Amino acid sequence: MNQFACEVRAGLNKPQKELPSKYLYDDLGSALFDAITVLPEYGLTRADSRLLHRLAPELPRDFSSVAEFGSGSGLKTRPVLSALSPQTYFPIDVSHAALERCRRELAGLSDIQPIQASYIDGLDCMNRRRDAQPILLLFLGSSIGNFDSPCRDIFLRQARARMKPGDAMLIGFDLEKQVEKMLDAYDDATGVTAAFNLNLLARINREIGGDFKLHAFAHQAIYNADERRIEMHLRSRIEQTVTIAAAEFGCHFREDETIWTESSHKFDADELPEIARANGYEPEAQWIDEEWPFAENLWRAA
Ligand code: AVI
């Protein structure tokens, strides 16, 4: 049984059914996510981009190279590379197609050395190629918010353990805002986020022989105030049974039972320096977008 089938089976066997959010991003899912970033309701990516344009000229000049976790197409990275003119740029992404787009988008701004790998493996690979000069690591777009808190801290420590003195991380966090505004961002009127979420079931059908009827599930975004996170779910509209051939598995759904597919944690700007210190970084600067509360942070390897 392949890894995808194993993880789907394990997730759907839990009392609160869940599916790992990394599987939202196949080619169609990635294209739908790109569409999300331009939705009027989803201000996060525009805030990230405004801040990067604003802060790029203020960044310290001591970085000879830049690396980026989850570079995607690299579009948002342009102002940072233009300001720093690094010798080398290491985009790290699992998607070959995204790395190719990134190489084309940023051609001429740096020596681009794509690394197709998960974040931490990619950092190890970059460390084998880098020189002794300080590196700026980018982790943009509040992707850190998609980790649950324990995994977030483990990830930040694993990254820190691979950084050298003088290296720094520029990391974006989406901030808490009016609940209605947050809910709209994850349940837009045109239904793009719903399609992004439902595509996960379609992917199970395509790749591992599921027989999910997509119309029998509804996209749902809820704000979990205790955990300070938006949760995306897929709610079964009816009582039904679904089978997944390659997972050798049948799964029963009660009416209104949900599959939890993603969390997007929201933060308070004041707690970010504490998160930095608790994980071995020294917070050096913070920039906040007022239009769509979002914080970009520069943390040094302490
Ligand atoms: C990639 N990540 C930061 C997005 C977010 O806002 O959590 C993923 C997303 N899911 C639904 N809309 C956007």
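Residues numbered from 1 in each chain as written. Predicted model: local features only at pLDDT ≥ 70, side-chain atom pairs only at ≥ 80, totals over all residues. Heavy atoms only, no water.

## Remarks on the overall build of the chain
Within the chain, the secondary structure is distributed over ten helices and 13 strands. The C-alpha atoms of the chain give a radius of gyration of 20 Å, which matches the 19 Å a tight globule of 302 residues would have. By its C-alpha atoms, the chain is 60 × 40 × 35 Å across when sized along the principal axes. Across the 302 residues that make up the chain, the buried fraction comes to 52%. Look at the contacts in the chain between residues 6 or more apart in sequence, and 67% of them connect residues 24 or more apart. Of the roughly 13300 Å² of accessible surface on the chain, 50% is carried by carbon and sulfur atoms. (Helix = DSSP H or I, 4+ residues; strand = E, 2+ residues; numbered from the N terminus. Rg over C-alpha atoms; globule rule 2.2 N^0.38 Å. Buried < 20%, exposed > 50% of the residue type's maximum accessible area, 1.4 Å probe, protein only. Contact = heavy atoms within 4.5 Å. Areas by Shrake-Rupley, 256 points an atom, 1.4 Å probe, with all protein chains shown as cover.)

## Focus: the site of the ligand
If you check the shell around the ligand, you find 14 residues, and the closest are Tyr42, Asn146, Tyr186, Glu262 and Ser264. Taking asparagine 146, its side chain carries an N or O atom lying 2.9 Å from an oxygen atom of the ligand. Note that an oxygen atom of the ligand is positioned 2.5 Å from one of the side-chain N or O atoms of serine 264. Compared with its free state, where it exposes 340 Å², the ligand has 96% of that area covered by protein. Going through the elements one at a time, helix H2 (27-36) and strand S11 (258-265) are the ones with two or more residues in the shell around the ligand. (Near = heavy atom within 4 Å. Polar contact = N/O pair within 3.5 Å; in protein donor to acceptor, adjacent residues only side chain to side chain.)

## A look at the packing of aromatic side chains
Inspection of the entire model under this criterion finds 18 aromatic pairs. Between phenylalanine 69 and tyrosine 119 the ring centres are 5.1 Å apart and the planes differ by 40°, which places this aromatic pair in the tilted class. Of the two residues, phenylalanine 69 sits in strand S1 (residues 65-69) while tyrosine 119 sits in helix H6 (residues 119-129), which places them 50 residues apart along the sequence. The class for phenylalanine 69 is buried, based on a relative accessible area of 1%. According to the relative accessible area criterion, tyrosine 119 is partly exposed, its value standing at 25%. Considering the side-chain rings of tyrosine 281 and tryptophan 299, the 5.4 Å spacing of their centres and the 50° angle between planes classify their relative orientation as tilted. (Phe/Tyr/Trp six-rings, centres within 6.5 Å; stacked < 30°, edge-to-face > 60°.)

## A few points about the state of the cysteines
Summed over all chains, the structure comprises zero disulfides. Summary of cysteine pairing: cysteine 6 is not part of a disulfide, and the nearest cysteine sulfur, belonging to cysteine 251, is at 15 Å. There is no disulfide at cysteine 151, and the cysteine sulfur nearest it, in cysteine 6, is 19 Å away. According to the relative accessible area criterion, cysteine 151 is partly exposed, its value standing at 37%. (Disulfide = S-S within 2.5 Å.)

## Observations concerning the sheet that holds S11
Reading across from one edge, S7-S8-S11 is the order of the three strands in this open sheet, with antiparallel pairing throughout. Pairing within the sheet leaves two strands with one partner each, and these edge strands are strand S7 (217-224) and S11. Each strand axis lies, on average, 20° off the axis of its neighbour in the sheet, ignoring direction. As judged from the eight bridges shared by S7 and strand S8 (residues 229-236), these two strands associate in the antiparallel manner. Bridged to histidine 219 within S8 is leucine 234. Of the strands in this sheet, S7, S8 and S11 touch helix H9 (residues 192-208), which is tilted by about 60° from S8. (Pairing = 2+ DSSP bridges. Axes fitted to C-alpha atoms, helices over the stretch in contact; angles between N-to-C directions.)

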